[in-house]
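Spelled out from the first residue to the last, the chains are:
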Amino acid sequence: MRKNIWRAIRVFFILLLVSILFYLYLPPQWNAITNMKKEIGEEKADIVFIGSSHVFNGINPILLWDEQGFFSYVAACGGQAPWQSYAYIKAVNNLEHPQIIVLDVYCFGIEEPRLYDYNHTLENMLTYPFGIEKYKTLRESKIDNIADVMVVFPIIHDNYEQIKGLSINKVLDSNWVLGYSYRIGECNETLTPFDAIYTDELAPIDTKCEIYLNKCITYCKENNIELVLINSPWPRITEDDQKKYNYIAQIAANSDILFLDGNKEMKSLNIDYMQDSYDGSHLNYYGACKWTKYLGNEICKYFSVRNRRGEAKYESIMQRSREKLKKQILVTVD
Amino acid sequence: MSCIKDMDFSLTSLFFIFLLPIYIVLYYLLPNRFRQYFLLVFNLIFYASFGPRYLLLLVSEVVIIYFVGVLISRDRTNRGILAVAIILLVVILLFFKGSSIFPMTIVAPLGVSFYTLQGISYLLDVRNGKIQCEHNVFNLLIYMSFFPTVTSGPIFRYHDFIGQHLQNILELKPDYNRIVNGIIYMIYGYFLKLVIAERVAIPVNKLFDTFETAEYGGIILFIVSIAYSLQIYFDFAGYSAIVIGIAETIGFNLPENFRAPYLVKNVKDFWGGWHITLSTWLRDYIYIPLGGSKKGKFRKWINILITFILSGIWHGFRWHYLAWAMLHGIYRIVGDVVFPIKHRLLLYAGVKKDTAFCRLLETTITFVLISFAWVFFRTGLRSSIIYIVQMFSSLGLENMIHGRLWDLGLSPFGWLVVMLGTVFAFVFDLQLYCHKKRIDVVLDEQGVSAKSFCVIFMLLMILVLGIYGDNYDAGSFIYKDF
C-alpha cells in the first residue's frame, strides 16, 4: 500500500513539475477579460461595454470619466459572435459585478458564416477563463480544434524556429487603454448616407442570435445588471440590415430595455464618416468621442451611476490610463 | 455517426491524449469479462472517426475471413476457397492501391494495407495448422480492428493476439510497471515524432515540394537525403513506439517494429530491424513459400527480388516505389555476392576486420546506400533520378558556405535540435541494438531518479520544442498513407 502511495506521489510530482515549468515558460496572451482583470482589478468597473470592433474602436472610457465621472471598461473583441458576447457578460459579471452592461448588437444582426469566423473565435475565446463556459461557447462557435483552444498552448505554439517556441500575443496586441483602441486617420471614399437606407420596417434576425440575445437579457435581469443595447454608428449598413436592428429594438422594447441606435442618431451625433472614421467603417478617435459623449448623456438620463472622481483607487487607474493613451497618440503621430 | 466523425482520434491530437487515460481507467474498472466488448466498441468508434463508410469494408473483410476460416478448418485440403478468399482480399487491396494511377479519386480506407495483411496471415495460419480457426467472430473483429494497430501496424499475428486476449479476459489486472513502461514508451514515441521527425520534415518537404534541386548543390542534396532518412525513421518509429506503448497499457504486447535499423552493418540486417512485422510477414508468406534460400543461390536471388517487388507494390502502385524496392533487392543480391570476399576487400583497403573502424565504415556505407534508396521512396522516379544525378554532378560548396541550407526553412537552431535529438535517440537505439533493451527497460535499470529526470526532460522537450499546433498537421504519419 505504501509503495502505491509513493508511486502516486511520484507520478503526481512529475506531472506537476512539468506543468509548472511549462506554464512558467508560456508567454502571457492578451484577451479582453484577462486584460481587464490585469488593468483594473476586480469589482471596479461600474459600466462595461461588450461587443465587436465597433465597441473597442468606438467607445473611449477616458472621455466617459472626464465627462461624467463614470468608471468603465471596454471588454470587446473583433467579430464577437452573440454566444461569445453571452460568455463575456458572464465573465464580466463574475469579475466586476458592474451596474450596467452595454452590449453592442451589431453581430446579432449579421448572417452566417461571418459569425463562425475562426480567427475571430480565437481573438475572443483563446484565453477566455478556462471552464465549462469556454467549452460551451467554443462548441457554439463550431470550431474543429476545441481541445487545442481550451488548453491554449497548441494554438500559440507555432513558432518552431525559436527557443521561445511560442508566439507572444498571437492574436492581438495589448496596447489598448481600458480596452479602447485609439485610432486616427480619415476615410477616403464616399459612403452611402444613412438617410438613403432609413427604414422602420422589421425583419427577423437569425434564430440562434435571437436565442442568445434573450439569454443575455435574462441573465442580466437575474443578476440585477442593467442592460443597455446599442448599435454603434456603422456606415456600411444596408436597408435589410437596418430592418434587423429595428427587430432587435422591438425585442428590447418588449423587455423594457434601453436600445440606442447610433445609426438613427447620426444627425444628433453630428457624425461625418469622412472625418470621424479611420477606414470608412470604424470610428476614429473623433468619432469615438462623439459617440461616447452621447452614450454618457443617455446613461446619465436613464440611470443613476456613481461619479467616481476623487476616489483614490480610481484616480490612480485613470492617471495610468491617460499616460498610456498619451503614449499611444505620440506613437501614432510618429 | 456525424459526432463520431467530428472527434479527432489521431494519435497526436489533444482529444485523443486526454481521452486515452480515461479509456484506460474505465478499461480496468470494468469486470474482466466486459473489457473485450468495451475494447471492441472503442476499436469501432476509433476506426469510424476516420470515415464511417470504411468501417463497412473492415467489417466485411472480417466476415469473409471468419467464414473462410471456418470452411478451411473443416477441410484443410481444399485450397480453392482459400485461394478465392486471398485473391478477393488482394484485389480489394490492389483496387485502392491502384486508384492513384487511374483517373478517379478514391481515397484508400485508412489501414487497409495493414489489416488486409493481418487477415491473409490469419487464413494462411489456419490452413497450415499453426492456429485453430476462430469460432468467435467478435475475437476476430477485435483483432482486425485493434485500435493501436489498425491504421499503420505493427502487423499483429493472430496467434500472438489471441493468447494475450484470452488471458486478459481471464485475469488482467492493472500493473503499475507495465502501465508506466507503456506510457514512457509512448512519451518516447511522441518525442521522436514531434521533436525530431516533424522538425526535419521542414527542409525535406521544402526541397522536394519545390524541387529546385539545381540551386542547392550536391552537399545540400546529400544532407537533405540524410534528413529524409531521419524523418521517415523517427516518424514511423515514433508512431510504432506510441502504439506499442498504448497496447502495453491495456495488457497487449505488440511485436517491435524497429530495432536500430540505421546501426546495422549491411542491408540484410537493415531489413531485420526496419518495419520488422512487414519484413517477417513477407518472409513467412512470400519468400519462404517461394522456396527461400533452399533452392540454390540463383533461385534465392529471384525470390528476394520477387519479395521486394511485392513490398514495393504494397507501398504503392507507382514506379518509384518499385524502383526503391528493386534497389533494395539489388543491394541484397550484391551483398550476398560480395560477402565471401568482403573482408578480404577491406583488408586490401587497410581495414582490419571486427575493429571499431570497420564497424563504423560498414554502418556508414549501409546508411548512405539506404538513404539513396529513400530518395526513390520520397519522390517520383524521374525526379529521383534527377536528384541523384545532381547530387553527384556538383558539390555546391559555395552554397553551403553562403548558408543556402538555412533557406530550406530550418534555422541553425532547428538543425541543432535535430542533431541533438538524433544523438539522444541514438543512445537508446544503441542499447536496443547491443542489448535488445527498450528505453523503458534501460531507464528502469538506472533507477527512479534517472527515469523521472528522463521523463521530465522528454515531456518538456515535446511541449517546448515539439512541432504541433495551429499551423501544423502533426497528426499525419508517413505510413498512414500505405
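Report follows, based on the coordinates. Not measured: the values here are computed from a predicted model.

1. Quick notes on the overall build of chain B
Now for step 1: Of the regular secondary structure elements, chain B holds 20 helices and zero strands.
Now for step 2: Taken against the 2.2 N^0.38 rule, which gives 23 Å for 482 residues, the C-alpha radius of gyration of chain B at 23 Å falls within 12% of a compact globule.
Now for step 3: With the C-alpha coordinates aligned to their principal axes, the bounding extent of chain B is approximately 65 × 55 × 50 Å.
Now for step 4: Per-residue burial for chain B yields a buried fraction of 57% across its 482 residues.
Now for step 5: Expressed as a percentage of contacts within chain B between residues at least 6 apart in sequence, the contacts between residues at least 24 apart total 76%.
Now for step 6: Summed over its atoms, the accessible surface of chain B is roughly 21,100 Å², and 67% of this surface lies on carbon and sulfur atoms.
Now for step 7: Across chain B, 40 positive and 30 negative side-chain charges occur, with their mean positions spaced 9 Å apart.

2. Some remarks on the interface of chain A and chain B
Now for step 1: Tallying the contact residues gives 26 residues for chain A and 28 residues for chain B.
Now for step 2: Buried area between chain A and chain B, summed over both chains or domains, comes out near 2,300 Å², and the portion from carbon and sulfur atoms is 66%.
Now for step 3: Inspection of the region where chain A meets chain B yields zero salt bridges.
Now for step 4: Linking chain A to chain B there are zero residue pairs in polar contact (both at pLDDT 80 or more).
Now for step 5: Among the elements of the structure, α1 (2–25), α6 (118–125), α8 (146–151) and α9 (153–156) of chain A are those that each provide at least two residues to the side of chain A that touches chain B.
Now for step 6: The element that contributes the greatest number of residues to the side of chain A that touches chain B is α1 of chain A, accounting for nine residues.
Now for step 7: Here the side of chain A that touches chain B is built from residues that sort into 16 nonpolar, four polar and six charged.

3. What to know about the nonpolar core
Now for step 1: Ranked by size, the top nonpolar core spans 268 residues in total, and within it Leu 229 of chain A together with Phe 147 and Trp 374 of chain B carry the most contacts.
Now for step 2: Residue contacts for Trp 374 of chain B: discarding those within four places in its chain leaves Tyr 228, Ser 229, Ile 232, Tyr 262, Phe 270, Trp 274 and Trp 324 of chain B.

4. Details of unusual backbone geometry
Now for step 1: Pro 154 of chain B follows Gly 153 of chain B through a cis peptide bond whose omega is 5°.
Now for step 2: Tracing the chain through its elements places Pro 154 of chain B in the loop between α7 (137–145) and α8 (158–171).
Now for step 3: With a phi angle near 50°, Leu 178 of chain A is a residue other than glycine that sits in the positive phi range.
Now for step 4: Within the secondary structure, Leu 178 of chain A sits in the loop between α9 and α10 (207–222).
Now for step 5: For Leu 178 of chain A, a relative accessible area of 0% gives the class buried.
Now for step 6: Its identity is not glycine, yet Asn 224 of chain A carries a phi of approximately 55°, on the positive side.
Now for step 7: Given a relative accessible area of 69%, Asn 224 of chain A falls into the exposed group.

5. Notes on the packing of aromatic side chains
Now for step 1: Summed over all chains, the structure comprises 74 aromatic pairs over all chains.
Now for step 2: Between Phe 22 of chain A and Tyr 23 of chain A, the aromatic rings sit 5.7 Å apart at their centres with planes inclined by 75°, giving edge-to-face as the arrangement.
Now for step 3: The class of Phe 22 of chain A is buried, set by a relative accessible area of 1%.
Now for step 4: With relative accessibility at 44%, the residue Tyr 23 of chain A sits in the partly exposed group.
Now for step 5: Over the ring of Tyr 27 of chain B we find Arg 35 of chain B; its NZ or CZ atom is 5.6 Å from the centre of that ring.
Now for step 6: Its guanidinium or amino end placed over the ring of Tyr 216 of chain B, Arg 404 of chain B lies 4.5 Å from that ring's centre, counting from NZ or CZ.

6. Notes on the pattern of salt bridges
Any two side chains of opposite charge can pair if their charged atoms end up close together.
Now for step 1: One pass over the structure, following the stated rule, counts 27 salt bridges over all chains.
Now for step 2: Between Arg 306 of chain A and Glu 311 of chain A there is a salt bridge, with the nearest N and O atoms lying 3.3 Å from each other.
Now for step 3: Here Arg 306 of chain A falls in the partly exposed class, since its relative accessible area comes to 49%.
Now for step 4: With a closest N to O distance of 3.7 Å, Asp 209 of chain B and Arg 378 of chain B form a salt bridge. Taken together, the residues span a long stretch of sequence, with Asp 209 of chain B in helix α9 (residues 176–210) and Arg 378 of chain B in helix α15 (residues 356–378) at a distance of 169 residues.
Now for step 5: Asp 209 of chain B sits in the exposed class, given a relative accessible area of 58%.
Now for step 6: One continuous salt-bridge network, built from bridges that share partners, spans Asp 46, Arg 306, Arg 308 and Glu 311 of chain A.

7. Remarks on helix α3 (residues 32–48) of chain B
Along an α-helix, a turn takes 3.6 residues, which lines up residues three or four apart on a common side.
Now for step 1: Its 17 residues give α3 of chain B an end-to-end C-alpha distance of 25 Å, which sits within 8% of 24 Å, the value for a rise of 1.5 Å per residue.
Now for step 2: Burial in α3 of chain B covers these residues: Asn 32, Arg 35, Gln 36, Leu 39, Leu 40, Phe 42, Asn 43, Phe 46, Tyr 47 and Ala 48 of chain B.

8. Topic: a nonpolar patch on the surface
All names here are of chain B.
Now for step 1: A contiguous nonpolar surface patch, about 400 Å² in accessible area, is contributed by Val 423, Phe 426, Val 427, Leu 430 and Tyr 433.
Now for step 2: The residue Tyr 433 is located in helix α18 (residues 412–435) in this model.
Now for step 3: On the basis of relative accessibility, which here comes to 31%, the residue Tyr 433 falls in the partly exposed class.

9. Considering the sheet that holds strand β5 (residues 258–261) of chain A
By definition, the strands of a sheet pair up through backbone hydrogen bonds, in either a parallel or an antiparallel sense.
All names here are of chain A.
Now for step 1: As summarised here, the arrangement of the five strands in space is β2-β1-β3-β4-β5, forming an open sheet in which the pairing is parallel. A single partner strand is all that each edge strand has here, and the edge strands are β2 (72–76) and β5. When strand polarity is set aside, the average angle formed by the axes of neighbouring strands in this sheet is 20°.
Now for step 2: Taken together, the four bridges between strand β1 (residues 47–51) and strand β3 (residues 100–104) define a ladder with parallel strand orientation. Bridging from a neighbouring strand, Phe 49 pairs with Val 102 of β3.
Now for step 3: Strands β1, β3, β4 (226–231) and β5 of the sheet are contacted by helix α14 (residues 285–302), whose axis makes an angle of about 160° with β5.

Criteria and cut-off values
- Residues numbered from 1 in each chain as written.
- Chains lettered and ligands numbered in written order.
- Predicted model: local features only at pLDDT ≥ 70, side-chain atom pairs only at ≥ 80, totals over all residues.
- Heavy atoms only, no water.
- Helix = DSSP H or I, 4+ residues; strand = E, 2+ residues; numbered from the N terminus.
- Rg over C-alpha atoms; globule rule 2.2 N^0.38 Å.
- Buried < 20%, exposed > 50% of the residue type's maximum accessible area, 1.4 Å probe, protein only.
- Contact = heavy atoms within 4.5 Å.
- Areas by Shrake-Rupley, 256 points an atom, 1.4 Å probe, with all protein chains shown as cover.
- Lys, Arg positive; Asp, Glu negative; His and termini not counted.
- Charge placed at Lys NZ, Arg CZ, Asp CG, Glu CD.
- Buried area = accessible area lost by both parts, 1.4 Å probe.
- Salt bridge = Lys/Arg side-chain N within 4 Å of Asp/Glu carboxyl O.
- Polar contact = N/O pair within 3.5 Å; in protein donor to acceptor, adjacent residues only side chain to side chain.
- Nonpolar A, V, L, I, M, F, W, Y, C, P; charged D, E, K, R; others polar.
- Core = buried A, V, L, I, M, F, W, Y, C linked by side-chain atoms within 4.5 Å.
- Phe/Tyr/Trp six-rings, centres within 6.5 Å; stacked < 30°, edge-to-face > 60°.
- Lys NZ or Arg CZ within 6 Å of the ring centre and 35° of its normal.
- Expected span 1.5 Å × (residues − 1).
- Patch = residues over 30% accessible without salt bridge, like charges linked within 9 Å, V, L, I, M, F, W, Y side chains within 5 Å.
- Pairing = 2+ DSSP bridges.
- Axes fitted to C-alpha atoms, helices over the stretch in contact; angles between N-to-C directions.

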